[in-house]
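# Results of the structural survey
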Amino acid sequence: MATLFIISNPTQYLNAIELVTQFPNRFTNNKLVVITDFTEGIERIDQILAKSYWDEKKMIPLRSSGYAPSDWRSWRHAYLAATEYIKTITYDQLVLGNLGDPLIYAILQTVYNPAIKPVVVDDGTPTINILACRRQGLDYERFHSPRGIQLIKSLLAFRFYIGFKKPLKSYEFFTLFPAEASNQDIVVLNKMLTLKSFYKNQSINQKIVYFVGSQIVDKGMVDEILYLNALKNIVADFQSRGKQVQYIIHRSQSKAFQNKVSEIVETISFNLPLEFALRDREVPGTFAGFFSTALFTLNAIHSKSNVIAFEFPSQALHDSKLESIQDVLAIYSLLKNTEGIKIRTIETSGRIN
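These numbers were taken from a predicted model, which means no experiment stands behind them.

Calculation notes
Residues numbered from 1 in each chain as written. Predicted model: local features only at pLDDT ≥ 70, side-chain atom pairs only at ≥ 80, totals over all residues. Heavy atoms only, no water. Pairing = 2+ DSSP bridges. Helix = DSSP H or I, 4+ residues; strand = E, 2+ residues; numbered from the N terminus. Axes fitted to C-alpha atoms, helices over the stretch in contact; angles between N-to-C directions. Contact = heavy atoms within 4.5 Å. 1 Å grid on protein atoms, 1.4 Å probe; cavity = no way out; pocket = protein on both sides within 12 Å on 5 of 7 lines; lining within 4 Å. Points joined across faces, edges and corners; volume = space filled by probe spheres on them. Phe/Tyr/Trp six-rings, centres within 6.5 Å; stacked < 30°, edge-to-face > 60°. Buried < 20%, exposed > 50% of the residue type's maximum accessible area, 1.4 Å probe, protein only. Lys NZ or Arg CZ within 6 Å of the ring centre and 35° of its normal. Parallel < 35°, antiparallel > 145°, perpendicular 65-115°, else oblique. Left-handed = near helix turned anticlockwise from the far one by under 90°. Nonpolar A, V, L, I, M, F, W, Y, C, P; charged D, E, K, R; others polar.

Ordered in space as β10-β9-β8-β11-β12-β13, the six strands form an open sheet in which the pairing is parallel. Two strands in the sheet have a free side with no partner beyond their single neighbour: β10 (266-268) and β13 (341-345). In this sheet, adjacent strand axes meet at a mean angle of 30° when their direction is disregarded. Sheet analysis places strand β12 (residues 306-311) next to β13, joined by five bridges and oriented parallel. Bridging across to β13, Glu311 finds its partner in Thr345. Relative to β12, helix α13 (residues 325-336) is tilted by about 145°, and along the sheet it contacts β12 and β13.

Moving on, we come to empty space enclosed by the protein. Unoccupied space between atoms shows up once a probe the size of one water molecule is rolled over them. With the rule as written, the count across this model stands at three cavities of 30 Å³ or more. By volume, the largest cavity amounts to about 110 Å³. Lining the largest cavity are 13 residues, and of these Thr11, Asn15, Met192, Glu275 and Thr297 sit closest to its centre. Those elements giving two or more residues to the lining of the largest cavity turn out to be α1 (10-22) and α12 (293-301).

As a further point, take the packing of aromatic side chains. A full pass over the atoms with the stated rule returns 21 aromatic pairs. Consider the rings of Phe23 and Phe174, whose centres lie 6.4 Å apart with planes at 70°: the pair is edge-to-face. Within this pair, whereas Phe23 is found in the loop between α1 and β2 (30-36), its partner Phe174 is found in strand β6 (residues 172-175), the two being separated by 151 residues in sequence. On the basis of relative accessibility, which here comes to 25%, the residue Phe23 falls in the partly exposed class. Overall, the relative accessible area of 1% leaves Phe174 in the buried class. Members of the aromatic cluster, connected to one another through ring pairs, are Phe211, Tyr227, Phe238, Tyr247, Phe257, Phe290, Phe310 and Phe312. Above the ring of Phe160, the side-chain terminus of Lys165 is found at 4.7 Å from the ring centroid.

Here we take up the packing of helix α3 (residues 72-86) against helix α7 (residues 148-158). One can describe the packing of α3 onto α7 by two numbers: an axis separation of 8 Å at closest approach and a directional angle of 40°. With respect to their mutual orientation, α3 and α7 come out oblique. For α3 against α7, the interelement crossing comes out right-handed. Between α3 and α7, the contacting residues are Trp72, Trp75, Arg76 and Tyr79 on the first element and Gln150, Lys153, Ser154, Leu156, Ala157 and Phe158 on the second. Taken together, the residues of the contact of α3 with α7 sort by class into six nonpolar, two polar and two charged.

Time to look at the sheet that holds strand β7 (residues 186-189). Here seven strands make up an open sheet; going across it, the order is β3-β2-β1-β4-β5-β6-β7 and the pairing parallel. Two strands bound the open sheet, and with one partner strand each, they are β3 (56-61) and β7. Across this sheet, the average inter-strand angle for adjacent strands is 20°, counted without regard to direction. Across five bridges, the pairing between strand β1 (residues 3-7) and β2 is parallel. Among the inter-strand pairings, Thr3 is bridged to a residue of β2, identified as Asn30. The sheet strands contacting helix α4 (residues 102-111) are β1, β2 and β4 (93-97), and the helix crosses β4 at an angle near 165°. Contacting β6 and β7, helix α5 (residues 126-136) runs over the sheet at an angle of about 150° to β6.

Now for the side chain of Arg76. Relative to the elements of secondary structure, Arg76 occurs in helix α3. Residues contacting Arg76, with those up to four places away along its chain left out, are Leu156, Ala157, Phe158 and Arg159.

What follows is the structure, encoded as structure tokens:
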């Protein structure tokens, strides 16, 4: 028998590796399907690790269809390629990333075996809100039944309505976040064993601050002016204390917004998840950001560095298509309750307290 993994980005890929590392006797004969627009990052991780965790690996680049990754025809191409491959293997365990991804969720609904409890690896902070919705019994409307343009794309790509299929009753979540599970689910803590092993003897430069960027402006969750004003004040505050600030570009931030950020502070970008990219660099004495998965993971990996989360006032937040104000507040709540992370607040003017 075998374990089938279905993931879509480097973050999920690293967490799948962490799962296999943490439970080497449980997950064996591993068959991996990667449906992604981030092939370069995943290939680079493989080069650095110089070790294969997979007995079989099928890469399905979304752009191989000839269409944009968000185009329904790319979804259709990937859906068919994945489901046809999965038909050729026998497996008794199933691991996947991000229940909020319509493509992965549609594949899950197609290949699901009721005798198997799927394991979900983190795709970052969305796990916090997926668990919260499942505790409240709201996961059907939030993650199972698509609406609007996403519904049309799903019907074109998969040729069935996901909402007509029954949602799965229970999952096992392999997560960094110490979040509470519903009565049906199980939460298993990700101890980050692989990533921690890279930084045992890493030197730390207390003068360097890495500010972790996020796509909250592009998502429409925070006004651009407030974000940039807050960033200016944060950079000035660090610089007044002799710190060198570098802004880490989020891979999904628009080029236009990146250019505006670069007028305020030096920017750098990585093809790898930040948690993995620092292995050949000095570790900064401080990590900072507004809210980000990286703040949780960096806090877990680099216990000797400071981690600061800058909190926007709730009245300055907006609902987006994918995340609500309540989702953001839930993330801030967990940041406040995570040992090692310091919170500083931002006023509506962008001033920091």
